[in-house]
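Given next are the chains, with one letter for each unit.
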Amino acid sequence: MRKIFYLLMIISLVSCHKNLEKTNDSKEDSIKADPNNINISILIDLSDRIDPETNPNTTMQYSQRDLEYIKAISQGFLNHIKSKKVIQLNDQMQVFFNPEPSDPKMNELTKELKVSFDKNTSKENMELINKKYSTLPANIYQSAIKDKAFVGSDIWEFFKNKINDYCIKDDHRNILFILTDGYMYHEDSQFSEKSKTSYLTSKLIKSQHLTSSDYKSIMKNNQYGFVKANDNLKNLEVIVLGINPEKGNPFEESVIKEYWENWFKEMKIKNYQIKSADLPSNLEPIILKAITGKN
């Protein structure tokens, strides 16, 4: 009789433990960001992709495309805060680079471009958004192009060490726009773990023989991809704008997007988009729609 009693006790304890785990999991899943509060971050790749001499484009220079993308992002942010009552305002937008350029003026520019709105925000401050985001980003690009000291794009390190602190706020929809050509490289964080790397270059793609229509199977069989930089970014939405593959490999753009897509999935980013360096008039509706969060 005692054996039966103890057996029932053990079964009861195990069952309670499992139920407690399920309860904790459901509580974690039930904590959702308030979609009315948005936190927008813009990460700019200031590598030589923006240099009109290195990467010219007669239709529209890539730096100018970036500036128009940024204007569209700021307009989407402005539309959002104007749709809310002042007492409901709890929204933020900011710009980042990684690594930071040597020009000391950059720090002041990023300070100016970090805008926050709450119930004490005046209408005058709202109107300043368009003014700031229509003029200040141009100064950033002009400085980088003039100096020609292009700092590369250490996007991997940003995801590893900074994104949680800089781009994710509790009780917010956290949206990160990344302006990049899709290649990822910086000498200070260039390493590999088995067949995965912290960087992606056209040279690497060629060395992996990802130049044919079966690139997906080659990547899967050899486990090519980015080294995972973060364990859990499920509270972050990411929109990559400006994918611009080098010429010569018809599958290069697809390979770049596959690298990014697999990386996002591995870091548990569920909501993401990866767009090519199209004309701003074509991407603006996509940018505005992404900010509204409506499908």
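Computed from a predicted structure; not experimentally measured. (Residues numbered from 1 in each chain as written. Predicted model: local features only at pLDDT ≥ 70, side-chain atom pairs only at ≥ 80, totals over all residues. Heavy atoms only, no water.)

A. How the structure looks around the pattern of salt bridges. Inspection of the entire model under this criterion finds 13 salt bridges. Residue Glu 68 is joined to Lys 71 by a salt bridge in which the shortest nitrogen-to-oxygen separation is 3.4 Å. With Glu 68 and Lys 71 both in helix α2 (residues 62-82) and 3 residues apart, the pair spans about one turn of that helix. Judged by its relative accessible area of 24%, Glu 68 falls in the partly exposed class. The exposure class of Lys 71 is partly exposed, given its relative accessible area of 32%. A salt bridge links Glu 261 to Lys 265, with the shortest nitrogen-to-oxygen separation between them at 3.3 Å. Of the two residues, Glu 261 and Lys 265 both sit in helix α9 (residues 252-266), 4 residues apart, roughly one turn of that helix. Judged by relative accessible area, which is 26%, Glu 261 ranks as partly exposed. Through salt bridges with shared partners, a single network forms among Asp 45, Arg 49 and Asp 66. (Salt bridge = Lys/Arg side-chain N within 4 Å of Asp/Glu carboxyl O. Helix = DSSP H or I, 4+ residues; strand = E, 2+ residues; numbered from the N terminus. Buried < 20%, exposed > 50% of the residue type's maximum accessible area, 1.4 Å probe, protein only.)

B. Spotlight on empty space enclosed by the protein. This model, assessed by the stated rule, comprises 2 cavities of 30 Å³ or more. Every residue along the wall of the largest cavity is listed here: Leu 46, Pro 101, Ser 102, Asp 103, Met 106, Ser 143, Ala 144, Asp 147, Ala 149, Phe 150 and Val 151. Counting residues per element, the lining of the largest cavity draws most heavily on helix α4 (residues 123-147), which supplies 3 residues. Tallied by class, the residues present in the lining of the largest cavity amount to 7 nonpolar, 2 polar and 2 charged. (1 Å grid on protein atoms, 1.4 Å probe; cavity = no way out; pocket = protein on both sides within 12 Å on 5 of 7 lines; lining within 4 Å. Points joined across faces, edges and corners; volume = space filled by probe spheres on them. Nonpolar A, V, L, I, M, F, W, Y, C, P; charged D, E, K, R; others polar.)

C. Focus on α9. Compared with the 21 Å implied by 1.5 Å per residue over 15 residues, the 21 Å span of α9 between its first and last C-alpha is a close match. Glu 252, Val 255, Ile 256, Glu 258, Tyr 259, Trp 260, Trp 263 and Phe 264 are the residues of α9 that are buried. One or two residues past the end of α9 sits Lys 268, with phi positive at roughly 65°. (Expected span 1.5 Å × (residues − 1).)

D. Geometry of the pairing of strand β8 (residues 236-243). Most of β8 sits inside the fold, with 8 of its 8 residues counted as buried. Pairing geometry for strand β4 (residues 173-179) and β8, over 6 bridges, is parallel. Its bridge partner lying in β8, Leu 179 is registered against Leu 241. With α9 bridging β8 and the parallel strand β9 (residues 272-276), this β-α-β connection has right-handed handedness. (Pairing = 2+ DSSP bridges. Right-handed = clockwise from strand over helix to strand, strands pointing away.)

E. How the structure looks around the packing of α2 against helix α10 (residues 280-292). Relative orientation of the contacting elements α2 and α10 amounts to 30°, with a least axis distance of 9 Å. α10 is crossed by α2, and the crossing has right-handed handedness. Contacts from Arg 65, Glu 68, Tyr 69, Ala 72, Ile 73, Gln 75, Gly 76, Phe 77 and Asn 79 in α2 reach Pro 280, Leu 283, Glu 284, Ile 287, Leu 288 and Ile 291 in α10. For the contact of α2 with α10, a count of residues per class yields 9 nonpolar, 3 polar and 3 charged. (Axes fitted to C-alpha atoms, helices over the stretch in contact; angles between N-to-C directions. Left-handed = near helix turned anticlockwise from the far one by under 90°. Contact = heavy atoms within 4.5 Å.)

F. Fine view of the sheet that holds β4. The 6 strands lie next to each other as β3-β2-β1-β4-β8-β9, forming an open sheet whose pairing is mixed. At either end of the open sheet lies a strand with only one pairing partner, and these are β3 (115-117) and β9. On average, adjacent strands in this sheet sit at an angle of 15° to one another, irrespective of strand direction. Bridge count between strand β1 (residues 38-44) and strand β2 (residues 91-97): 6 bridges; the pairing is parallel. If you follow Leu 43 over to β2, its bridge partner there is Phe 96.

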